[in-house]
Amino acid sequence: MAYDEEQARRSRVVVETPGERREVVHSQSVRTPDNSGISAGMVGVLVVVAIALITMLVLFWLSSQPSTTDNANVATQQQPTTVVQQPAQQPPVIIQQPAPATQAPIIVTPPAGGTTAPATTAPAETTNIDSTIQAAIDKKLADDPEISTLGITASVLNSKVMLIGTVKTEELKTRIERMVRQVKGVKDVDNQISVVS
């Protein structure tokens, strides 16, 4: 850095001793930095700004260059995407036909030997019992305000009940099964209710 001599001070001191008289001149100068030049800090800032500009120009130049992979990527991105939403799976709807109002009488003739084997339940009676159980279960499920909104379905075949649907807790699943088991005529319950948290 250059320094300018800004101030010069001279002082004269006269020293007298018994044998001689002397004069001593002291000169003192104060120097301050020269403000007309460029400081090192300014040079550093200019270098950093120049590097940033060069980097930006190079990046701009690179991004403006066409490339085959970029064009292929753009072409694949411009194709429309089709999203197919599957409808939510609904529980099956079971429609039960009412039992016939009149049934033909069943005539059982004993064998010629005179002995009769115990009669088994006729299919019409089983259907009638199943429809009675179905109606009782449907009524119990519909009467409970918490369970009626869940969409639980019950199907009855040969006095055996299968439960289908979803609930939020294992406790609710068990509660529904217990409720169905209490219906008169139910022999077995197949609980297929899913617990979804």
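Refer to the structure printed above.
Residues numbered from 1 in each chain as written. Predicted model: local features only at pLDDT ≥ 70, side-chain atom pairs only at ≥ 80, totals over all residues. Heavy atoms only, no water.

Draft legend 1. Examining the pairing of strand 5 (residues 188-195) more closely. Inspection of the sheet shows strand 4 (residues 160-167) paired to strand 5 by 8 bridges, in the parallel sense. The residue bridging Thr166 from the neighbouring strand is Ser194, located in strand 5. Each parallel crossover has a hand, and for strand 4 linked through helix 5 (residues 170-181) to strand 5 it is right-handed. (Pairing = 2+ DSSP bridges. Helix = DSSP H or I, 4+ residues; strand = E, 2+ residues; numbered from the N terminus. Right-handed = clockwise from strand over helix to strand, strands pointing away.)

Draft legend 2. Structural view of the pattern of salt bridges. All told, the structure shown has 4 salt bridges when counted by the stated rule. For Glu146, the salt bridge goes to Arg175, with nearest N and O atoms at 2.8 Å. Pair noted here: Glu146 is in helix 4 (residues 145-148) and Arg175 is in helix 5, with a separation of 29 residues, a long-range link. Judged by its relative accessible area of 29%, Arg175 is partly exposed. The salt bridge involving Arg181 is made with Glu177; its shortest N-O contact spans 2.9 Å. Here the residue Arg181 and the residue Glu177 both occupy positions in helix 5, the gap between them amounting to 4 residues, near one helical turn. (Salt bridge = Lys/Arg side-chain N within 4 Å of Asp/Glu carboxyl O. Buried < 20%, exposed > 50% of the residue type's maximum accessible area, 1.4 Å probe, protein only.)

Draft legend 3. Examining the side chain of Ser159 more closely. Topologically, Ser159 is positioned in the loop between strand 3 (153-157) and strand 4. Those residues within four positions of Ser159 in sequence are excluded, and the remaining contacts are Ile129, Asp130, Ile133, Gly185, Val186, Lys187 and Asp188. (Contact = heavy atoms within 4.5 Å.)

Draft legend 4. Expanded view of the nonpolar core. Of all hydrophobic cores here, the largest spans 18 residues; its most connected members are Ile133, Ile137, Leu141, Val161, Leu163, Ile176 and Val186. Every element with two or more residues in this core is listed here: helix 3 (123-143), strand 3, strand 4, helix 5 and strand 5. Of the residues forming this core, the biggest block, 4 residues, is contributed by helix 5. Beyond its immediate stretch of four places on either side in the chain, Ile137 contacts Ala154, Val156, Val161, Val180, Val183 and Val186. (Core = buried A, V, L, I, M, F, W, Y, C linked by side-chain atoms within 4.5 Å.)

Draft legend 5. Quick peek at the pairing of strand 3. Where strand 3 and strand 4 come together, 5 bridges link them in antiparallel fashion. Residue Leu157 lies in a different strand from strand 4, and its bridge partner there is Lys160. Between the antiparallel neighbours strand 3 and strand 4 lie 2 residues, among them Asn158 with a positive phi of about 55 degrees.

Draft legend 6. Spatial organisation of the sheet that holds strand 4. The strand order 3-4-5 describes an open sheet built from 3 strands, whose pairing is mixed. Every interior strand has two partners, whereas the edge strands, strand 3 and strand 5, have only one. The average angle at which neighbouring strand axes cross in this sheet is 10 degrees, direction not considered. Each of strand 4 and strand 5 touches helix 5; the most contacted strand, strand 5, lies at about 155 degrees to it. (Axes fitted to C-alpha atoms, helices over the stretch in contact; angles between N-to-C directions.)

Draft legend 7. Expanded view of the environment of Asp144. Its location among the elements puts Asp144 in the loop between helix 3 and helix 4. Here the alpha-carbon distance between Asp144 and Ile176, two residues 32 residues apart in the chain, equals 10.0 Å. If we skip the residues at most four places from it in the chain, Asp144 touches Arg175 and Met179.

Draft legend 8. Expanded view of a nonpolar patch on the surface. A cluster of nonpolar side chains, Ile38, Met42, Val43, Val45, Leu46, Val47, Val49, Ile51 and Leu53, forms an exposed patch at the surface whose accessible area comes to about 840 Å². Within the fold, Leu46 resides in helix 1 (residues 40-64). (Patch = residues over 30% accessible without salt bridge, like charges linked within 9 Å, V, L, I, M, F, W, Y side chains within 5 Å. Areas by Shrake-Rupley, 256 points an atom, 1.4 Å probe, with all protein chains shown as cover.)

Draft legend 9. Representation of unusual backbone geometry. You will see that Asn158, though not glycine, has its phi angle at about 55 degrees, which is positive. Mapped onto the elements, Asn158 comes out in the loop between strand 3 and strand 4. Since its relative accessible area comes to 44%, Asn158 is described here as partly exposed. Phi is positive for Ser159, close to 65 degrees, though the residue is something other than glycine. Exposure remark for Ser159: the relative accessible area of 7% places this residue in the buried category.

Coordinates in, geometry out; function isn't part of it.
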